[in-house]
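# Examination of the molecular architecture
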Amino acid sequence: MNKSKSIALLLSAWLAFGSIPAYAAESTTPESLSKAFDHIVIIPQNFQGKAYINGQMANYFSDYRIVQREGRVYVPIRLMSTLANELDKGQGTWQAIWEPKSPDDVMLVNYETKKTIKLKVNSTTMRINNEPREIDAAPQKIDGQIMLPLKSTAEALGKNIQWSDGLLLMGSAPVDLQDTQSAALKDRIKTQLSDPRKPLKMSADISPLTRYGNTIYYIKRTYTKNDTIEQIFKKTDGQKEVQIQLPGKPQITSLQVLNGKLYYATYINNQAELHALDLKTQKSQKVSSLKPMGPDQGLFLGSVESIDNDLFVTLNNGELTLGRVDLYKVEKGVLKPVAGAKSFAGYVKSGDYLYKANFNFMTDMSGNLARVNLKTGEQKPIGQPEFAYGVNRMLSPDGGIGYASNNTMYVKDGYLYTLGYKEADPNDQSAVYKINPTDSTQTKLTPPASHFWMIGSDVYYIDAESGYLSKTNLNGATPETVVSRKMLNFQFANGSFYYTSNEAGKDSVPGDLYQYDPSAGKEFKRSDKSVTSFYAGKTGLYYVSNGYEPGLYKVDAKGSNVRLVNDRIRDAFLTDEGMIYTLVYKDGIYSVK
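A brief look at the structure comes next. (Residues numbered from 1 in each chain as written. Predicted model: local features only at pLDDT ≥ 70, side-chain atom pairs only at ≥ 80, totals over all residues. Heavy atoms only, no water.)

## Describing the overall build of the chain
To keep it simple, the criterion reads: Secondary structure follows DSSP: runs of H or I at least 4 residues long count as helices, runs of E at least 2 residues long count as strands, and numbering of each begins at the N terminus. Burial classes follow relative accessibility: with a 1.4 Å probe on protein chains only, a residue under 20% of its type's maximum area counts as buried, one over 50% as exposed, and anything between as partly exposed. Here a residue-residue contact requires only that any non-hydrogen atoms of the pair lie within 4.5 Å.
Scanning the chain from N- to C-terminus turns up 5 helices and 55 strands. Projecting the C-alpha coordinates of the chain onto the three principal axes gives extents of approximately 85 × 60 × 60 Å. Burial statistics for the chain: of 593 residues in total, 49% are counted as buried. If you take every contact in the chain between residues at least 6 apart in sequence, the share linking residues at least 24 apart comes to 40%.

## So, the packing of aromatic side chains
Here is the rule we go by: Aromatic contacts are taken between Phe, Tyr and Trp rings whose centres are within 6.5 Å, Trp giving its six-membered ring; a plane angle under 30 degrees counts as stacked, one over 60 as edge-to-face, and the others as tilted. Two thresholds decide whether a charge sits over a ring: the Lys NZ or Arg CZ must be within 6 Å of the ring centre and within 35 degrees of the ring normal.
Taken as a whole and assessed by the stated rule, the structure comprises 16 aromatic pairs. Their ring planes at 70° and their centres at 5.4 Å tell us that F387 and Y433 sit as a pair that is edge-to-face. Of this pair, F387 sits in strand β34 (residues 387-389) while Y433 is found in strand β39 (residues 431-435), placing the two residues 46 residues apart along the sequence. Across this residue pair, the class does not change: F387 and Y433 are buried. Ring geometry for W453 versus F497: centroids 4.9 Å apart, planes at 80°, classification edge-to-face. Residue W453 is located in strand β41 (residues 449-455), and its partner F497 is located in strand β46 (residues 496-501); the two are separated by 44 residues in the primary sequence. Accessibility assignment for this pair places W453 and F497 in one class, buried. Feature note: the residues W453, Y460, F490, F492 and F497 constitute an aromatic cluster, connected by ring pairs. Taking NZ or CZ as reference, K434 lies 4.5 Å from the ring centre of Y415, over its face. Sitting over the face of the ring of Y514, R485 holds its NZ or CZ atom 4.0 Å from the ring centroid.

## What to know about helix α3 (residues 77-87)
Judged by how many residues are buried, α3 sits mostly within the fold: 9 of 11 residues are covered. Three or more residues of α3 are buried, namely I77, L79, M80, S81, T82, L83, A84, E86 and L87.

## Considerations on the environment of P44
Inspection of the secondary structure puts P44 in strand β2 (residues 40-44). With relative accessibility at 0%, the residue P44 sits in the buried group. Separated by 303 residues in the primary sequence, P44 and Y347 have C-alpha atoms spaced 52 Å apart.

## Overview of helix α5 (residues 182-193)
Keep this limit in mind: One fewer than the residue count of a helix, multiplied by 1.5 Å, yields its expected span. What the arc covers is the set of directions going from the helix axis to the C-beta atoms.
Here α5 is 12 residues long and its end C-alpha atoms lie 16 Å apart, about the 16 Å a rise of 1.5 Å per residue gives. When α5 is considered as a whole, its buried residues turn out to be S182, L185, K186, I189, Q192 and L193. Relative to the axis of α5, the buried residues are bounded by an arc of 125° and lie together on one face.

## A word on the sheet that holds strand β14 (residues 160-164)
The condition that has to hold: DSSP bridges decide pairing: two strands pair if at least two such bridges lie between them. Only the stretch in contact is used when fitting a helix axis, every axis being a line fitted to C-alpha atoms; angles between N-to-C directions are given from 0 to 180 degrees.
Judged by pairing direction, the sheet is antiparallel, and its 5 strands sit side by side in the order β4-β3-β2-β15-β14 without closing on themselves. Each edge of the open sheet carries a strand with a single partner, namely β4 (56-58) and β14. Taking the axes of each pair of neighbouring strands and ignoring which way they run, one obtains an average angle of 20° across the sheet. Taken together, the 2 bridges between β2 and strand β3 (residues 51-53) define a ladder with antiparallel strand orientation. Residue pairing for β3: I42 is matched across the bridge by Y52. Sheet contacts for α3: β2, β3 and β15 (167-171); angle to β15, the most-contacted strand, approximately 65°.

Shown next, in the form of structure tokens:
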């Protein structure tokens, strides 16, 4: 039987047998549907291959078969573990275990929470952490596949199941379906879940580059059996797309947008050159030679950036384990070497000096900070030799240590500000340090911090323990918490902090969108929908919602949420002239301001 039809018949059977009673491992206070939406599973009666998982539209169930027998609902063991993992994000991972030597035995295991659920085909005895519990329906082997009774397995997982108005709801707590807003909300949910359209298989992968004027620029990748074909296109409003031809043999993956130009590396007569396509004039010109590069050198163009009106580029040689990165300044059409590293944690230019921190998590990173004289090329170590800088060192509750490069560096009044930690102390986490480059003395300004920003005469930082936003002055005095909620997916733009927050405390879960304005010292809630992703830039604040009112929204000057696109968004990309996006159910690339 067709999988989608089997699920539709299953849900019709639920309707015939009446509503499924709500139950859970523990008694909890019911939540309204609007509040519970972001952390439950919702499956519709008129199944169209769609379901809501933690507030996000998903298509997990098209690959699974669910059946009904004698008034009982049965699901595959791997579907059960998938649902449990989605609902228990951040609380360990459920693994489905089956071994050929014991073909009738199945087990769900969560090693982090130390919970084990054992079931046996045709047995009404379930074992939870080896304690027997009788269940009212035994696992069945159907068409060679072991299927678990939904009710009993969900109960063992501590989940609650309810049925209402053609919707099956599964979560960790019951939902108040009599709430005054639930009826209207259920109608919106059913409308989205009954949408018969199927996600398109894209004819090609599209990577947006930018929008300039009324023209979108993008890379299109098509795949053959033996090759990947990459081409650059532009599409002007109301016109057909046009392929852009660049001189030589361009490295399409090296394309970067900077100040109205597309920079790229290309080979002309086997010589590597840096070129720029001016989006205003549509002319491409050589910027400099890339002499270290060559067809057989294993080098490729990394970043292109403008610092104090000078152009800097990096050339990458190999990958992180065996490779290295070299930074150059473009002078009179040639590359002038500035500095090299296994990898750069970060660098910042101030006057005639470049401050840089190297990053190599596989070795001792102490003493990784230096100052380079851009005129003479002289390089001088700064900071304390037992410290590592420009790195976020994270300690997990289980004793694990993680490292991430952090390119945030500031120079103010002759002092360098960066993250740092004492390498030899396994319990030391990164904090913000103020360093005097002249004598390498330093002052610790903050407690453990994961990120920081300098705004005027204050240092703002994310507290590594709480995730709250705090600030202090340039001497580390007068620390103050300014946002008392865990900030997720945060960014600083247009003079404000933008971030999401949710009860799960996970950046992979949808949340509410907030803005904190340092100049006003106030926090504002900016979204009235569940936010999947957001974008803050020159043209304003946008967000994508993948919930029961999906689309692309813009927050206007009054704080109102304006729906710009009334459909499911596949990918979105912010440019200086508005948003570029692709759709789930419609091919092509689009833009909106």
